[in-house]
Amino acid sequence: MVNLPLFIIIPLGVAFFIPMVSRKFKWVPDILGNLTTFILLLLSLMTLNREYVYHIGGWRAPFGIVLVLDGLSCLLLIIINLISFMATLFSIEYIEKRFTSKLRYYSLFLLMVGGMNGTVLSGDLFNLFVFMEIASIASYALVGFGCGSSELEASFKYLVMGNVGSLFILYAIALIYGKTGSLNIADVARILKEIPYDNLIGFVFVLILTGFMIKAALVPFHSWLPDAHPSAPAPISAMLSGVVIKAIGVYVIIRIVYNLFGFNQIISNLIVYMGVISMIIGVTLALLQWDLKRLLAYSSISQIGYVFIGIGLGSPFGILGGLFHLFNHSLFKSLLFLDSGSIEYQTGTRDLNKMGLLYKKMPITSFSTLCGALSISGIPPFNGFWSKLIIILAAIKSGRPIVGLWIVIGSILGLSLFTKVLRYSIYGKGEKFEKEKWENLKEVPETMCIPLIILSILCIFTGLLLIGMENGIFGPVIDVLNGGVLKYINKIIGV
Amino acid sequence: MIYYLCFVLFLIGLYGVTCKKNIVKIILGLCIMEYSVNLFLILLGYRKNGIPPIINKGMEINEFYNKAVDPLPQALVLTSIVIGLGILSLMVAIAIRLYQRYGTFDITEMKKLKG
């Protein structure tokens, strides 16, 4: 049996331990950081297919604090810890060359991981808020880690937007407490089922949804993302785009919609159309970009749109598609951000116009960029194809063929977007291609290649996860969401 | 009634964040929003002529139940004040660094990131 508090205690403890010991020994932060994320990855793989409720201090559910492990949290835990292990492996060389203070970097990184693990495990609204704030504050600081003028500007923008979102959420939590007198998610859901619906509940729902949509960067609230994600160091961009917006944005929206307020037709329409708008606008704005990381950041907005469409459809098939796309997006988007990091590491630029013919000089980076680009634009053997196909089929099945058509249009735009990336950076050359610089290029060091290779292999083969989905990783997740509010209440309070 | 005044305070803070151009005023707006939420939480637990939620010897349990204030919002507010302190210090640190780089507090002058 896995001890759930370990997921929170280990990263938080090591985050405070690193600055204490590493003033004298320069190698300590690398070893400790990688070891911690590796242990967390093993622990999260051990939670597969288990369900468990942990009562902190032995207090029963409505009174004490609970940590809940179910299918959905398990999926998110695996994503968080897998990507964070890849990112720490990548940062050994990357941070050494480009930034100064390794111990602060690893300390903030582990705080962020601990906060996210806490968010996905918490079964209590206020604790969820606290863990979310831990993760957010660490990521605000990490975005401004370079301390250049543009990094600080992006960090300030992210901080103000994120903080407004957090205060919306806190206000909503206060209103929920005033209305129901409880903070436990299952208990609140039980009480909300008993009292009649009034306008206050609608207001709370809008507040909390707005707050988390700011965190998840859906389109009307997206303006911080294209600044914040490119300004961070590359492993942090991979974490932010691959994991943070999902763990503290999408996950919580799924949880409150399905397990707290209950799902209905109005919510379904709202989420699906927000998803469609953000998919189309994100990919259209991405086509205009020439900065590689900024382009990837806009593409993240559009991919989160697909996830929301899948979730909002509400049928089991749609949920499967949405969650599978969430999993795939975290793999290929972090792969692409790490690639952009290694290209920047060697060429010193992010401008697509100045790159060219990288396939001759950096074969591993080019191959993994190719894998990432093919899977994000949905070419058959790769994982992105399967999840997009499932979402389109689910949209047609649940009687919304127009949404399916929009997804096809979005995918075609996405394909042209990544054709542009491959054309200018890898197989062709840009307009301001610098020949002398290109002659001296080398492949990145081995520790940076390993995560790229692992993630590319995962991109090719995760389509196989769909075989036997009833027993595999996605079966329990659909169970959790399809069971709706009642099942969740029963499991935690245990009537 | 007083709950509505809290919400008005929240909206004043939101106005400050969205409409002001000076970084310091934006930070002040965020502080006002945060204080209004804290005030709201405290008011939820408030009770007229209430007693502290500690059971002394010889106290009737029914009397305690009727008179004691709710202790949970106070614990929540303490946590939220500490989080607010963390965010405020980070914000001020970034604002000082921004002033060193750009030589101004005006947010419209900082536009290196576009598109």
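The structure displayed is predicted, hence computed values, not measured ones.

*Asks:* Any chance you could break down the overall build of chain B for me, citing the residues and the numbers?
*Replies:* Helix and strand counts for chain B come out as four helices and zero strands. N-terminal to C-terminal, the α/β element order of chain B is α-α-α-α. Against the 2.2 N^0.38 benchmark of 13 Å for 115 residues, chain B shows a C-alpha radius of gyration of 20 Å, more extended than a compact globule. Within chain B, the fraction of its 115 residues that count as buried is 33%. Long-range pairs, those at least 24 residues apart, make up 53% of the contacts in chain B with a sequence separation of at least 6.

*Asks:* An account of the environment of W290(A) is requested, with residue identities and associated values reported.
*Replies:* All names here are of chain A. Within the secondary structure layout, W290 lies in the loop between helix 11 (265–287) and helix 12 (292–313). Residue classification places W290 among the partly exposed residues on the basis of a relative accessible area of 34%. Once the C-alpha coordinates of W290 and V421 are considered, the two residues, 131 residues apart in sequence, prove to be 9.1 Å apart. Residues contacting W290, with those up to four places away along its chain left out, are R350, D351, L352, N353, K420 and Y424.

*Asks:* Hey, could you go over the pattern of salt bridges for me, with residue numbers and the actual values?
*Replies:* Residue and element names in this part refer to chain A. All told, the structure shown has eight salt bridges over all chains when counted by the stated rule. The closest approach of N and O atoms between D227 and R294, which form a salt bridge, is 3.2 Å. Taken together, the positions of D227 in helix 9 (residues 225–231) and R294 in helix 12 put the pair 67 residues apart, joining distant regions of the chain. The closest approach of N and O atoms between R350 and D291, which form a salt bridge, is 3.1 Å. Of this pair, R350 sits in the loop between helix 13 (316–347) and helix 14 (358–361) while D291 sits in the loop between helix 11 and helix 12; the two residues are 59 residues apart in sequence, bridging distant segments of the chain. With a relative accessible area of 25%, R350 lands in the partly exposed category. Taken together, the salt bridges that share partners define one network made up of K157, D227 and R294.

*Asks:* So what's going on with the packing of helix 13 of chain A against helix 15 (residues 363–377) of chain A? Which residues, and what values?
*Replies:* All names here are of chain A. At a minimum axis distance of 9 Å, the contact between helix 13 and helix 15 shows a crossing angle of 145°. Considering the relative orientation of helix 13 and helix 15, their crossing is left-handed. For the pair helix 13 and helix 15, the contacting residues are F332, K333, L335, L336, D339, S342 and I343 in the first and T365, S368, T369, G372, A373, S375 and I376 in the second. Of the residues assigned to the contact of helix 13 with helix 15, the class counts are six nonpolar, six polar and two charged.

*Asks:* Residues and numbers for the interface of chain B and chain A, please.
*Replies:* Between chain B and chain A, the contact holds 38 residues from the first and 35 residues from the second. The contact between chain B and chain A buries some 3,300 Å² in all, and 79% of this surface belongs to carbon and sulfur atoms. Run the count over chain B and chain A and you get zero salt bridges. Along the contact surface separating chain B from chain A lie three residue pairs in polar contact (both at pLDDT 80 or more). The set of elements that each furnish at least two residues to the side of chain B that touches chain A consists of helix 1 (2–19), helix 2 (23–45) and helix 4 (72–102) of chain B. Of the residues belonging to the side of chain B that touches chain A, the class tally is 28 nonpolar, three polar and seven charged.

*Asks:* Talk me through a nonpolar patch on the surface; I want residue IDs and the actual numbers.
*Replies:* Residues and elements named next belong to chain B. A surface patch of nonpolar side chains, amounting to about 370 Å² of accessible area, comprises V8, L9, I12, I32 and L39. When contributions to the nonpolar patch are tallied by element, the ones reaching two or more residues are helix 1 and helix 2. A per-element tally of the nonpolar patch places helix 1 first, with three residues. Relative to the helices and strands, L9 is located in helix 1. You can call L9 partly exposed: its relative accessible area is 30%.

*Asks:* Break down helix 8 (residues 199–216) of chain A for me, with residues and values.
*Replies:* The end-to-end C-alpha distance of helix 8 of chain A is 25 Å, a good match for the 26 Å that 18 residues give at a rise of 1.5 Å each. With its phi angle positive at about 60°, A217(A) sits one or two positions after the end of helix 8 of chain A.

*Asks:* Could you give me a rundown of the environment of V17(B), with the residues and numbers involved?
*Replies:* Along the chain, V17(B) falls in helix 1. Between the alpha carbons of V17(B) and C31(B) there is a distance of 9.8 Å; along the sequence they are 14 residues apart. Non-local contacts of V17(B), meaning those with residues more than four positions away in its chain, are made with V160(A), V164(A), I26(B), G29(B), L30(B) and M33(B).

*Asks:* Before we move on, can you summarise the nonpolar core with the specific residues and values?
*Replies:* Residues and elements named next belong to chain A. Counting residues in each nonpolar core, the largest one holds 205 residues, and the members touching the most others are M116, F129, F212, M239 and L323. The greatest single-element share of this core, amounting to 19 residues, is contributed by helix 10 (residues 234–261). Residues in contact with M116, not counting those within four places in the same chain, are I80, A135, M239, V243, V244, A247 and I248. One finds M279, L313, I391 and A395 within the second-largest nonpolar core, a separate group that totals 13 residues.

Rules behind the numbers
Residues numbered from 1 in each chain as written. Chains lettered and ligands numbered in written order. Predicted model: local features only at pLDDT ≥ 70, side-chain atom pairs only at ≥ 80, totals over all residues. Heavy atoms only, no water. Helix = DSSP H or I, 4+ residues; strand = E, 2+ residues; numbered from the N terminus. Rg over C-alpha atoms; globule rule 2.2 N^0.38 Å. Buried < 20%, exposed > 50% of the residue type's maximum accessible area, 1.4 Å probe, protein only. Contact = heavy atoms within 4.5 Å. Salt bridge = Lys/Arg side-chain N within 4 Å of Asp/Glu carboxyl O. Axes fitted to C-alpha atoms, helices over the stretch in contact; angles between N-to-C directions. Left-handed = near helix turned anticlockwise from the far one by under 90°. Nonpolar A, V, L, I, M, F, W, Y, C, P; charged D, E, K, R; others polar. Buried area = accessible area lost by both parts, 1.4 Å probe. Polar contact = N/O pair within 3.5 Å; in protein donor to acceptor, adjacent residues only side chain to side chain. Patch = residues over 30% accessible without salt bridge, like charges linked within 9 Å, V, L, I, M, F, W, Y side chains within 5 Å. Areas by Shrake-Rupley, 256 points an atom, 1.4 Å probe, with all protein chains shown as cover. Expected span 1.5 Å × (residues − 1). Core = buried A, V, L, I, M, F, W, Y, C linked by side-chain atoms within 4.5 Å.

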